[in-house]
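# Report on the structure
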Amino acid sequence: QVQLVESGGGLVQAGGSLRLSCAASGRTFSTNAMGWFRQAPGKEREFVAAISWSGSSTIYADSVKGRFTIFRDNVKNTAYLQMNSLKPDDTAVYYCNAHALSRATMTSGPYWGQGTQVTVSS
């Protein structure tokens, strides 16, 4: 129904920046709020950031607040995660997520991307 494809991951030095993209295709009109989650090896998947359908409301995990910014371009059907001041603890596979709820939320919706690896060296 909805396909999400992440891109922009890679290897960066601590303190560096990276921008992740999530391109949505298919039945995109059924998706409203979008978000990002991440999972480090051997760890549980955790919430990172979310954005409302309109883009006017965002929420962030405490661990990334002030460093990461989520935004979206509904014309391009793309969500982004700007990651600044990266640190080694940010190393994880980052997953894009979408659901039908219009409000930003920490809970995940039914649509997931394949994930993109972010590695931050010390």
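All of the points below concern the structure found in this document. Bear in mind the structure is a predicted one, so any value in this text is a computation, not a measurement. (Residues numbered from 1 in each chain as written. Predicted model: local features only at pLDDT ≥ 70, side-chain atom pairs only at ≥ 80, totals over all residues. Heavy atoms only, no water.)

### Some details on the sheet that holds strand β3 (residues 18-26)
- Read from one edge of the open sheet, four strands run β1-β3-β8-β7, paired in antiparallel fashion. Looking at strand neighbours, the two that pair on one side only are β1 (2-7) and β7 (68-73), the edges of this open sheet. In this sheet, adjacent strand axes meet at a mean angle of 15° when their direction is disregarded.
- Alignment of β3 against strand β8 (residues 78-83), held across six bridges, turns out to be antiparallel. Each bridged residue has a counterpart across the sheet, and for L20 the counterpart in β8 is L81. (Pairing = 2+ DSSP bridges. Helix = DSSP H or I, 4+ residues; strand = E, 2+ residues; numbered from the N terminus. Axes fitted to C-alpha atoms, helices over the stretch in contact; angles between N-to-C directions.)

### Here we look at the state of the cysteines
- Under the definition given, this model contains one disulfide.
- The partner cysteine of C22 in its disulfide is C96, sulfur to sulfur 2.0 Å. The sign of the -85° torsion about the S-S bond sets the C22-C96 disulfide as left-handed. With C22 in strand β3 and C96 in strand β9 (residues 92-98), this residue pair connects regions lying 74 residues apart in the sequence. Per residue, the accessibility class of C22 equals that of C96, and both read buried. (Disulfide = S-S within 2.5 Å. Buried < 20%, exposed > 50% of the residue type's maximum accessible area, 1.4 Å probe, protein only.)

### A few points about the pattern of salt bridges
- Scanning the model with the defined rule gives four salt bridges in all.
- Between R38 and D90 there is a salt bridge, with the nearest N and O atoms lying 2.9 Å from each other. Of this pair, R38 sits in strand β4 (residues 34-39) while D90 is found in the loop between β8 and β9, placing the two residues 52 residues apart along the sequence. D90 matches R38 in its accessibility class, with the two residues each being buried.
- When salt bridges with common partners are traced through the structure, they connect R38, E46, R67 and D90 into a single cluster. (Salt bridge = Lys/Arg side-chain N within 4 Å of Asp/Glu carboxyl O.)

### Regarding the pairing of β9
- In terms of residue burial, β9 counts as a mostly covered element, since six of its seven residues are buried.
- Where β4 and β9 come together, six bridges link them in antiparallel fashion. Directly across from G35, in β9, lies its bridge partner N97.
- Across three bridges, β9 lies against strand β11 (residues 116-121) in antiparallel orientation. Bridge assignment links V93 to a residue of β11, and that residue is Q117.
- Where β9 lies against strand β10 (residues 111-112), two bridges are found, and the strand directions are antiparallel. Opposite N97, over in β10, you have W112 as the bridge partner.

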